[in-house]
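# Reading the structure
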Amino acid sequence: MGDGSLSQDEIDALLQGAEDPSYETSPSAGPSDDLSPAQKDMLEEVLLFAFGQAAKILETALSKSVNFTSPVIESKPMAEVSAELGAGSVNLFSNWSGTVNGRNSLIFSTENASKVINIILGGLSTGTLDSNQLQRLKDTFAPVIGNLTIQIGTKIQSMFAASPLEVSHAKTAKDLILPDAKTLIKTTLNMSIEGVGVFKAYYIISKPTVEELLSVYQKGGQKAQPVTNGGINVTMPPQQNFATQQSLSSVPIKGVAFPSLATAGQPSGATNLNLLMDVQMSVTVELGRTKMYIKDILGLGEGSIIELDKLAGEPVDLLVNGKLIAKGEVVVIDENFGVRVTDIVSPTDRIKTETK
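Description of the structure in this document.

What counts, and at which threshold
- Residues numbered from 1 in each chain as written.
- Predicted model: local features only at pLDDT ≥ 70, side-chain atom pairs only at ≥ 80, totals over all residues.
- Heavy atoms only, no water.
- Helix = DSSP H or I, 4+ residues; strand = E, 2+ residues; numbered from the N terminus.
- Polar contact = N/O pair within 3.5 Å; in protein donor to acceptor, adjacent residues only side chain to side chain.
- Contact = heavy atoms within 4.5 Å.
- Axes fitted to C-alpha atoms, helices over the stretch in contact; angles between N-to-C directions.
- Parallel < 35°, antiparallel > 145°, perpendicular 65-115°, else oblique.
- Core = buried A, V, L, I, M, F, W, Y, C linked by side-chain atoms within 4.5 Å.
- Buried < 20%, exposed > 50% of the residue type's maximum accessible area, 1.4 Å probe, protein only.
- Pairing = 2+ DSSP bridges.
- Expected span 1.5 Å × (residues − 1).

### So, the side chain of asparagine 190
Mapping asparagine 190 onto the fold places it in strand S6 (residues 183-193). At a separation of 2.7 Å, a polar atom in the side chain of asparagine 190 contacts the side chain of lysine 200. When residues no more than four places from it in sequence are discounted, the contact partners of asparagine 190 are Asn67, Phe68, Thr69, Ser70, Val198, Phe199 and Lys200.

Have a look at this one:
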């Protein structure tokens, strides 16, 4: 009609379209591309745990209280995420490999990234993001994202490798580097920094990567994979063994016997070891060692990588008061690392080690 009102035929057509189940009202991801409510609940549980632990690393770097809260998880097409976040954003990203594969990205708006950089620089930021400021942001967040990866692996009981952190400043949607997948899982978090305020942070993972992660979580962990924090790889033991260890926690555990001590010339029956049972000794687990020139040591900074003399997968050394007594493999116990003893070093081997 010429007066701008709808005719009865037009109203009927609109009502018919609204009642048609195949009628699409928006270009967003369809139900088949979305996570189930149970999957979203599991992912929220994993991310809240991991970000809660990673926030402590950022607190140390900024000397301010930091919290990540109120995650909102959405499934969106990659083009839609690029359009929403791409123009004027800073992207911190790394690639996972092993049990879980894919890129994970932590994205801030340019304005909010500048606020963080201003804290890092002690209030001396010029407000313009140049390469030096982006590098400082990367150096600060490298241990944070590395710890985030470790905590996610801890939560799902299966560690995996992460590449060194990279940073990019996207000025347009095309510049934004995202996980390579049709559907992305966008998690919006409230990031609060003491004295600065609360602003949005966006954590992006592909839907296939999330499905891999949750599948491992549901199975209670998979075969161990290397885990890296800032580029140093550590191979964790199979988590099936960890689960078995937990189930056997009620079985009595016998102390390690050292029958060879009797051959070391101790007077028989003259020594009462019970007098020494309450003496505390320092127990150290050594991942590896290396030698460096003084000039290289003075050049160390946040994010520096040091190569050790141990190969990935080699047993770690168990030292008591600096003396090698055993070798073992690293395990995860709740939120802490531990060591399962796999080999007791004989007195002969100890003497050889000390004389080297």
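### Regarding the environment of leucine 287
Within the secondary structure, leucine 287 sits in the loop between strand S10 (283-286) and helix H8 (294-298). Sequence separation of leucine 287 and aspartate 317 is 30 residues, and the distance between their C-alpha atoms is 6.8 Å.

### Some words on the packing of helix H5 (residues 131-156) against helix H6 (residues 207-219)
Axis angle and axis distance: for two packed helices, these are the angle between their axes and the distance between the axes, and together they describe the pair. Contact geometry for H5 and H6: axes closest at 8 Å, N-to-C directions at 40 degrees. As far as their axial angle goes, H6 and H5 are oblique. Facing Ile152, Lys155 and Ile156 of H5, the residues of H6 in contact are Leu213, Val216 and Tyr217.

### With respect to the nonpolar core
Ranked by size, the top nonpolar core spans 51 residues in total, and within it Trp96, Phe108, Leu137, Phe141, Ile152, Met191 and Tyr203 carry the most contacts. Not counting residues up to four positions away in its chain, the partners in contact with methionine 191 are Leu58, Val66, Asn67, Phe68, Phe108, Phe141, Gly197, Val198, Phe199 and Ala201.

### Regarding the pairing of strand S13 (residues 336-344)
Sheet topology places strand S12 (residues 323-333) next to S13; eight bridges connect them, and they run antiparallel. Among the inter-strand pairings, lysine 327 is bridged to a residue of S13, identified as aspartate 343. Linking S12 back to S13 in an antiparallel pair, the connection comprises two residues, with aspartate 334 at a positive phi of about 55 degrees.

### Looking at unusual backbone geometry
The backbone of serine 70 sits at a positive phi, close to 50 degrees, despite the residue not being glycine. As for its position among the elements, serine 70 is in strand S1 (residues 66-77). Given the relative accessible area of 45%, serine 70 is considered partly exposed. Positive phi is not limited to glycine here, since asparagine 321 has a value of about 50 degrees. Summarising the element assignment, asparagine 321 is placed in the loop between strand S11 (316-320) and S12.

### Concerning H6
Its 13 residues place the ends of H6 18 Å apart at the C-alpha level, agreeing with the 18 Å of an ideal helix rising 1.5 Å per residue. For H6, the complete set of buried residues consists of Lys207, Thr209, Val210, Leu213, Leu214, Val216 and Tyr217. On its buried face, H6 is in contact with helix H2 (37-62), strand S2 (89-97), strand S3 (102-109), H5, S6 and strand S7 (197-206).

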